[in-house]
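# Residue-level structure breakdown
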Amino acid sequence: MKSVRVSLREKSYEILVGRGILRDAASYLKKKNFERRHALIVTQKEVAVHHEGALRQSLSRHGFETRLFLTPNAKSSESAKSPAVYWRLIRDLAACDGEGKSVFLVALGGGVIGDLTGFAASVYRRGIPYVQVPTTLTAQVDSAIGGKTALDLPEGKNLLGTIYQPALVLCDTQLLSTLPDRHWSDGFAEVIKYGLIGDAALFAILEKHGKEGIRSDASLLEKVVCRSAAIKAKVVEKDEFDKKGVRIVLNLGHTAGHALEAATRFSNRYTHGEAIAIGMLVACQISRRLGCLKDTALPERLEKTLLKFELPLFYKGCSLESLLKAIGYDKKSVGGRNRFVLPVSMGRVTVVRDVPDEVIKEALEKRRG
Ligand SMILES: NC(=O)c1ccc[n+]([C@@H]2O[C@H](COP(=O)([O-])OP(=O)(O)OC[C@H]3O[C@@H](n4cnc5c(N)ncnc54)[C@H](O)[C@@H]3O)[C@@H](O)[C@H]2O)c1
Ligand SMILES: [Zn+2]
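In this report, we go over the structure that sits alongside the text. (Residues numbered from 1 in each chain as written. Chains lettered and ligands numbered in written order. Predicted model: local features only at pLDDT ≥ 70, side-chain atom pairs only at ≥ 80, totals over all residues. Heavy atoms only, no water.)

A few words on the overall build of the protein chain. Scanning the protein chain from N- to C-terminus turns up 13 helices and eleven strands. Here the C-alpha radius of gyration of the protein chain, 20 Å, is about what a compact globule of 369 residues would show, namely 21 Å. The C-alpha extent of the protein chain, read off along each of the three principal axes, is 60 × 40 × 40 Å. Accessible surface, the protein chain: about 15900 Å² in total, of which carbon and sulfur atoms supply 50%. For the protein chain, the separation between the mean place of its 57 positive charges and that of its 41 negative charges on side chains is 2 Å. (Helix = DSSP H or I, 4+ residues; strand = E, 2+ residues; numbered from the N terminus. Rg over C-alpha atoms; globule rule 2.2 N^0.38 Å. Areas by Shrake-Rupley, 256 points an atom, 1.4 Å probe, with all protein chains shown as cover. Lys, Arg positive; Asp, Glu negative; His and termini not counted. Charge placed at Lys NZ, Arg CZ, Asp CG, Glu CD.)

So this is what it looks like as structure tokens:
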């Protein structure tokens, strides 16, 4: 097992990464002197069928009482991040609490469950502890770390939210074995991003082994998850509340990526990871055009690596105009000015504001399939 510490003074916590560590979840909680004995486990049916038993067993064996909150069945997983589901959760929580128990929450699931659970934990009684047990690659390397919590509104995604750190993050890589294939690629897009923004050696591992090579090798997978988590942790430590402009580097590929997701109306055409794969290539092109790209071999290495993870290099199914319009509305643009994270060399990026429209347009045109 490996461990990464997120150092945030009294809010510091560990991210534990290892195969099969869920079995020992309770003993890690005990080591943290976790005093609360009643766990409300928040999860989804797709996850519960495979993994809820092992978690409950571990907790019960060590004297924790457990209850389950299952999000309602729905076509899209994202619909669990709604005020209605949140309300049901908080009422369940209050009912447990009302019996005189000191409750904590456990998020057993992907980013959707993590965001919902973190939000509920942050507001109930002005904050109760929660533990992240991420079950997707995206959640293990990204959403379970850093304390951003969120709910969606009909007007837009993630409009309600808080920043509230978990007490512990348990990344059991074995949980990923039941993950549908497309979700693996989705998560790997974020891992590739970490290589580009801060870890040339991580990129080299990805480049060498590809998707199959990594997911079929337990120790390599553990290493890749751990290095990714460490990069996210470092960034979060420097800018916990996303106020200092440091966390922005995590948005490499996300400006054009979000535009692609918005222009295709968050349909199933592109997963988030697929959209940011194209977004990272758009960022490379802009970087080259603005003279920021020092390592000119980087875009080709990125293309080859994306292919090894079954990620797309070109988009189709939406117009250039709709993409440009969506970039104008991107939340990462401040006061109407756009902001792009651009690769400089492997492991190094820069942030550029006010990229001229024609440069963006040209870069997007090059990626049209
Ligand atoms: N808080 C943050 O910092 C942050 C960062 C990135 C993304 N997010 C949020 O995360 C969400 C996306 O998260 P995601 O990509 O993990 O998707 P997700 O949570 O929707 O999970 C994807 C699907 O896989 C299923 N699933 C999860 N784990 C499984 C497993 N081990 N086996 C089988 N099926 C499994 C889920 O039930 C779901 O249907 C978005 O809402 C996004 O806004 C938050
Ligand atoms: Zn992302």
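Taken together, 26 residues are adjacent to ligand 1, and Ser77, Glu78, Thr135, Thr136 and Thr178 come closest. The contact in question runs from an oxygen atom of ligand 1 to an N or O atom on the side chain of Lys81, over 2.8 Å. Between a nitrogen atom of ligand 1 and a main-chain N or O atom of Lys148, the distance comes to 2.8 Å. When residues of the shell around ligand 1 are traced back to their parent elements, those giving at least two are α2 (45–61), α4 (111–123), α5 (137–143), β8 (156–163) and α6 (181–198). Looking at the shell around ligand 1, its residues break down into five nonpolar, twelve polar and nine charged. Structurally, the shell around ligand 1 is a two-domain feature, drawing no fewer than three residues from each of domain 1 (2–179) and domain 2 (183–366). (Near = heavy atom within 4 Å. Polar contact = N/O pair within 3.5 Å; in protein donor to acceptor, adjacent residues only side chain to side chain. Nonpolar A, V, L, I, M, F, W, Y, C, P; charged D, E, K, R; others polar. Domains from an automatic or database assignment.)

Paired through their backbone hydrogen bonds, the strands of a sheet run either parallel or antiparallel. The strand order across the open sheet formed by seven strands is β1-β2-β9-β6-β5-β3-β4, and the pairing between neighbours is mixed. Where the open sheet ends on each side, the last strands, each with one partner, are β1 (2–6) and β4 (65–70). The mean angle between the axes of side-by-side strands here comes to 20°, regardless of whether they run parallel or antiparallel. Bridge count between strand β5 (residues 103–109) and strand β6 (residues 130–134): five bridges; the pairing is parallel. The residue of β6 that forms the bridge with Gly109 is Pro134. Strands β3 (38–43), β4 and β5 of the sheet are contacted by α2, whose axis makes an angle of about 170° with β4. In the packing of α4 onto the sheet, contacts are made with β3, β5 and β6, and the angle to β5 comes to roughly 165°. (Pairing = 2+ DSSP bridges. Axes fitted to C-alpha atoms, helices over the stretch in contact; angles between N-to-C directions. Contact = heavy atoms within 4.5 Å.)

As a further point, take the pattern of salt bridges. Throughout the structure, instances matching the rule amount to 23 salt bridges. Across the pair Lys157 and Glu78 runs a salt bridge, and its minimum N-O distance is 3.1 Å. Linking Lys157 in strand β8 with Glu78 in the loop between β4 and α3 (83–98), this pair joins segments that are 79 residues apart in sequence. Given a relative accessible area of 40%, Lys157 falls into the partly exposed group. Residue Glu78 is classed as partly exposed on the basis of its relative accessible area of 25%. For Lys81, the salt bridge identified is with Asp152, shortest N-O distance 4.0 Å. Note that Lys81 is positioned in the loop between β4 and α3 and Asp152 in strand β7 (residues 148–153), a separation of 71 residues in sequence. (Salt bridge = Lys/Arg side-chain N within 4 Å of Asp/Glu carboxyl O. Buried < 20%, exposed > 50% of the residue type's maximum accessible area, 1.4 Å probe, protein only.)

Shape is all these values report; function is a separate question.
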